[in-house]
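Chain and residue survey
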Amino acid sequence: MAKPAIFSIDDDPSVLSAVERDLRAHYGQEYRIIPINSGRAALDYLKKMKQRNETVALFLVDQRMPEMNGVEFLEQAIQAYPQAKRVLLTAYADTAAAIASINEVGLDYYLMKPWHPPEERLYPILDELIEDWKMHVRLPYEGIRIAGTLWSLPSHEVKDFLTRHQIPYQWLDIEKDTNARQLVEDINLGITKLPVVFFPDGDVLVQPNLTELAEKVGLQTRAEKPFYDIVVVGSGPAGLAAAVYAGSEGYKCVVIEKAAPGGQAGSSPRIENYLGFPSGISGDDLTRRAVSQAKRFGVEILSAQEAVKVCVKDKYRTIQLADGTEISCHVVLVATGASFHILRMPGGDKLTGAGIYYGAAYTEAMYYKDKHVFVVGGANSAAQGALYLSRFASKVTVLIRGPQPTASKYLVDALEENEKVELLLNTDLVELKGGNTLEQIVVKNSVTNELQTLDAAALFVFVGVRPQSQLVADLVQRNEKGYIYTGADLMVDNKPPQGWTLNRPPFLFETSVPGIFAAGDVCYGTNHRVASAAGAGTIAFAMMKEYLKAL
Ligand SMILES: Cc1cc2nc3c(=O)[nH]c(=O)nc-3n(C[C@H](O)[C@H](O)[C@H](O)COP(=O)(O)OP(=O)(O)OC[C@H]3O[C@@H](n4cnc5c(N)ncnc54)[C@H](O)[C@@H]3O)c2cc1C
């Protein structure tokens with residue numbers, strides 16, 4: 001973090017350099033001394049400092065300057081730095097202006113020129129002011145800052161991406177924080193493009209795409225090698241388990257992840273039924289451990305890179321990425337899991353990310369403190385989401401289509417015991433209403449057909465899980481919902497699938513194309529559990545090893 005600044009502002013070059021010399025001699029160790037010859041230039045400089053989140057301890061300003069006098073400068077400067085101490089440098093004739101400004105700009109002191117000797121007439125006064133500043137200043141946050149609004153989808157995506165990568169940041173809501181709004185307006189010439197991301201090194205990204213953001217925060221986004229033994233697409237439990245085994249056995253392996261590692265499991269506030277963690281483990285903790293384990297074994301993990309298509313070229317398999325590049329390998333594991341389906345109803349598209357979030361309770365919960373929020377879904381993920389949200393919200397209403405929640409008993413018990421949680425059974429969501437952000441939802445009781453309109457600050461959706469298998473849509477056999485068939489599920493009347501070229505049947509977790517495997521929630525027959533996905537990834541690796549041996 002840069003040292004706090006002391007500004008000296010004077011249009012007379014000889015006075016400016018004399019003040020600078022005296023300030024540097026006494027304060028140069030602990031403070032940056034910034035000499036500037038006009039108020040206007042100093043205000044421009046302050047804007048840049050604000051973007052870098054740097055602090056100002058004191059302004060020492062000449063009152064008599066041509067285009068903007070000292071008081072006029074202070075009036076504007078203290079908007080950005082209200083805690084900085086303010087001292088005017090005056091001639092005898094300016095005394096009246098200085099006294100008037102004690103009230104106008106909360107002037108702390110006015111110094112008469114000349115101020116020599118500084119040991120008597122300058123340092124004692126400034127020392128006292130700076131001591132007082134040190135006692136009361138709230139030093140700024142030193143990390144990444146994201147300025148945006150709760151109704152901007154890209155703001156949500158950036159926050160979610162950093163949260164999922166466990167990269168700390170400070171959220172600045174420009175609707176509540178006028179300084180943050182000013183910062184955004186200075187960069188953007190308006191607030192049309194959100195969010196604006198400020199980095200401690202002074203760099204600023206405006207509405208960045210995830211790859212740009214990943215590169216800026218030092219994540220790997222490009223493969224290092226031209227060719228791999230194994231490419232894993234997706235870094236949920238299935239992909240990471242396969243990668244850990246592949247790396248540990250010395251295979252060249254890269255994992256491609258379109259968002260952040262961990263998959264659905266990474267968004268779980270607490271996984272309580274995974275073997276070996278009697279008091280549960282959060283999804284991000286499990287992910288952090290798995291990612292470090294895979295990297296320790298030399299696996300590369302690419303973030304913010306979407307695989308759009310898998311192709312077969314003779315013995316080789318190629319994965320096309322959304323940025324137009326390709327990665328080649330001997331064998332591919334599709335571990336792309338599943339995601340929640342976007343609500344298809346009035347208001348659904350418009351309000352996504354603006355009060356409607358898909359499985360993102362972890363990222364957004366704290367912004368809905370003391371608000372009434374809703375959860376859609378009755379299974380484990382919805383129950384976990386509701387319990388997590390209840391730590392922040394004043395009330396959490398869970399909309400469940402059926403007559404009972406379908407979550408595991410320990411979760412249903414926890415929901416029923418939680419005073420902040422209300423379960424609305426036999427309830428269908430029919431409409432979402434709002435302007436910039438969600439305001440109301442319309443629900444229908446499927447037994448009585450009664451419609452109700454309810455005020456809602458946010459809605460967290462945990463229904464309609466769909467496999468993410470589009471990248472192999474034209475290549476491998478899938479069912480009508482998109483789940484990929486593998487192994488024995490491909491055999492019909494003991495015969496391998498059409499087009500199968502080998503004289504052995506498909507291995508466990510091998511798809512209808514040799515050398516392309518699939519594991520976890522993207523597969524037909526999944527039971528949507530972390531342990532099943534991790535187990536499937538592990539077995540899939542063993543089968544890929546058999547495939548590689550035979551090449
Ligand atoms: C909120 C929540 C709580 C849960 N809690 C529990 C629990 O307590 N216990 C339990 O056993 N199970 C739980 N589950 C279910 C469990 O998390 C999943 O069954 C498991 O994560 C599936 O693992 P997977 O590796 O198959 O896929 P996923 O976890 O879905 O991971 C797939 C990954 O692939 C990436 N991807 C998709 N397409 C592409 C592409 N084209 N290019 C690159 N990357 C791509 C995705 O971004 C994702 O990171 C929970 C699920 C959710 C959503």
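In what follows, the structure referred to is the one given above.
A short tour of the structure in this document, coming up. On a predicted model such as this, the values are computed, not experimentally measured, just so you know.

What counts and what doesn't
- Residues numbered from 1 in each chain as written.
- Predicted model: local features only at pLDDT ≥ 70, side-chain atom pairs only at ≥ 80, totals over all residues.
- Heavy atoms only, no water.
- Helix = DSSP H or I, 4+ residues; strand = E, 2+ residues; numbered from the N terminus.
- Expected span 1.5 Å × (residues − 1).
- Buried < 20%, exposed > 50% of the residue type's maximum accessible area, 1.4 Å probe, protein only.
- Contact = heavy atoms within 4.5 Å.
- Polar contact = N/O pair within 3.5 Å; in protein donor to acceptor, adjacent residues only side chain to side chain.
- Core = buried A, V, L, I, M, F, W, Y, C linked by side-chain atoms within 4.5 Å.
- 1 Å grid on protein atoms, 1.4 Å probe; cavity = no way out; pocket = protein on both sides within 12 Å on 5 of 7 lines; lining within 4 Å.
- Points joined across faces, edges and corners; volume = space filled by probe spheres on them.
- Nonpolar A, V, L, I, M, F, W, Y, C, P; charged D, E, K, R; others polar.

1. Re helix 7 (residues 153-164)
For helix 7, spanning 12 residues, the distance from its first C-alpha to its last is 16 Å, which sits close to the expected 16 Å at 1.5 Å a residue. Among the residues of helix 7, those classed as buried are Ser 155, His 156, Val 158, Lys 159, Asp 160, Phe 161, Leu 162 and Arg 164. Immediately downstream of helix 7, the backbone of Gln 166 shows phi near 55°, a positive value.

2. Side note on the environment of Gln 440
Of note, Gln 440 is situated in strand 22 (residues 438-445). Taking the C-alpha atoms as reference, Gln 440 lies 45 Å from Leu 74; in sequence the two are 366 residues apart. Beyond its immediate chain neighbours, meaning those up to four positions away, Gln 440 contacts Glu 431, Leu 432, Lys 433, Thr 453, Leu 454, Asp 455 and Ala 456. A distance of 3.0 Å separates polar atoms of two side chains, one belonging to Gln 440 and the other to Asp 455.

3. Points about the nonpolar core
Grouped together as the largest cluster of nonpolar side chains are 61 residues, with contacts concentrated most on Val 375, Leu 399, Leu 429, Leu 432, Ile 441, Leu 459 and Phe 460. In contact with Val 375, other than residues within four places in its own chain, are Ala 382, Ala 386, Leu 389, Val 396, Thr 397, Val 398, Leu 399, Phe 460 and Phe 462. Formed by 30 residues, the second largest nonpolar core is a distinct cluster that contains Val 232, Ala 238, Val 299 and Met 543.

4. Regarding the layout of surface pockets
The volume enclosed by the second largest pocket comes to roughly 610 Å³. In this structure, the second largest pocket is lined by 24 residues; those nearest its centre are Lys 50, Asn 53, Arg 138, Pro 140 and Asn 179. Sorting the residues of the lining of the second largest pocket by element identifies strand 7 (169-173) and helix 8 (178-188) as the ones contributing at least two each. The class makeup of the residues in the lining of the second largest pocket is 14 nonpolar, five polar and five charged.

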